[in-house]
Amino acid sequence: MYETYDVLVAPHCPLDPIVLATSFQLDFAIPSFLIQERALVIGYGDSSGPLDYLADTTPFTFRDGYIGRPTPPDLGITIDENAVRAAAERGHCWRDPV
């Protein structure tokens, strides 16, 4: 319906790098895509970021405000399983810090 009525799409993704990579794949497939909103900090009550669980963050490198279409297979990212395990052991603080 958005394309029929010339509506631009601006999805929001405040979550982990897997969901963000999936969002980018969807963005590249939508003709009426405008902008991808993303969170720089996830909000676990610390300085965690959505890219903390990646072995390589270069697929999410922005140049002049744009990100390139991923060229590796699948979602174009590699998850750092050790970082995920460490985060699971630490746990997350979901309380509002204010």
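Details of the structure are given in the entry above.
These lines cover the structure that appears in this document, whether it is placed above or below. (Residues numbered from 1 in each chain as written. Predicted model: local features only at pLDDT ≥ 70, side-chain atom pairs only at ≥ 80, totals over all residues. Heavy atoms only, no water.)

**Details of the pattern of salt bridges**
If you walk through the whole model with that rule in mind, you get one salt bridge. With its nearest N and O atoms 3.4 Å apart, the salt bridge here joins Arg85 to Glu81. Separated by four residues within a single helix, Arg85 and Glu81 lie in helix H2 (residues 81-90), roughly one turn from each other. On the basis of relative accessibility, which here comes to 47%, the residue Arg85 falls in the partly exposed class. (Salt bridge = Lys/Arg side-chain N within 4 Å of Asp/Glu carboxyl O. Helix = DSSP H or I, 4+ residues; strand = E, 2+ residues; numbered from the N terminus. Buried < 20%, exposed > 50% of the residue type's maximum accessible area, 1.4 Å probe, protein only.)

**Side note on the nonpolar core**
One recurring pattern in soluble globular proteins: nonpolar side chains tend to sit buried together. Within the largest apolar cluster, nine residues are counted, these being Cys13, Leu20, Ala21, Phe24, Leu51, Leu54, Phe60, Ile67 and Ile77. With three residues, helix H1 (residues 17-29) is the largest single contributor of residues to this core. Excluding its chain neighbours within four sequence positions, the residues that come into contact with Ile77 are Pro17, Ile18, Ala21, Leu54, Pro59 and Phe60. (Core = buried A, V, L, I, M, F, W, Y, C linked by side-chain atoms within 4.5 Å. Contact = heavy atoms within 4.5 Å.)

**Remarks on unusual backbone geometry**
For Asp64, which is not glycine, the phi dihedral falls at a positive 55 degrees. Of note, Asp64 is situated in the loop between strand S3 (62-63) and strand S4 (66-67). Its relative accessible area of 77% is what places Asp64 among the exposed residues. Positive phi values are uncommon outside glycine, yet Asp74 reaches one of about 60 degrees. Mapped onto the elements, Asp74 comes out in the loop between S4 and H2.

**Overview of H2**
Residue Asp80 occupies the N-cap position of H2, its side-chain oxygen lying 3.1 Å from the main-chain nitrogen of Asn82. Downstream of H2 by one or two residues, Gly91 has phi in the positive range, about 80 degrees. (Polar contact = N/O pair within 3.5 Å; in protein donor to acceptor, adjacent residues only side chain to side chain.)

Taken by themselves, the reported measurements are silent on function.
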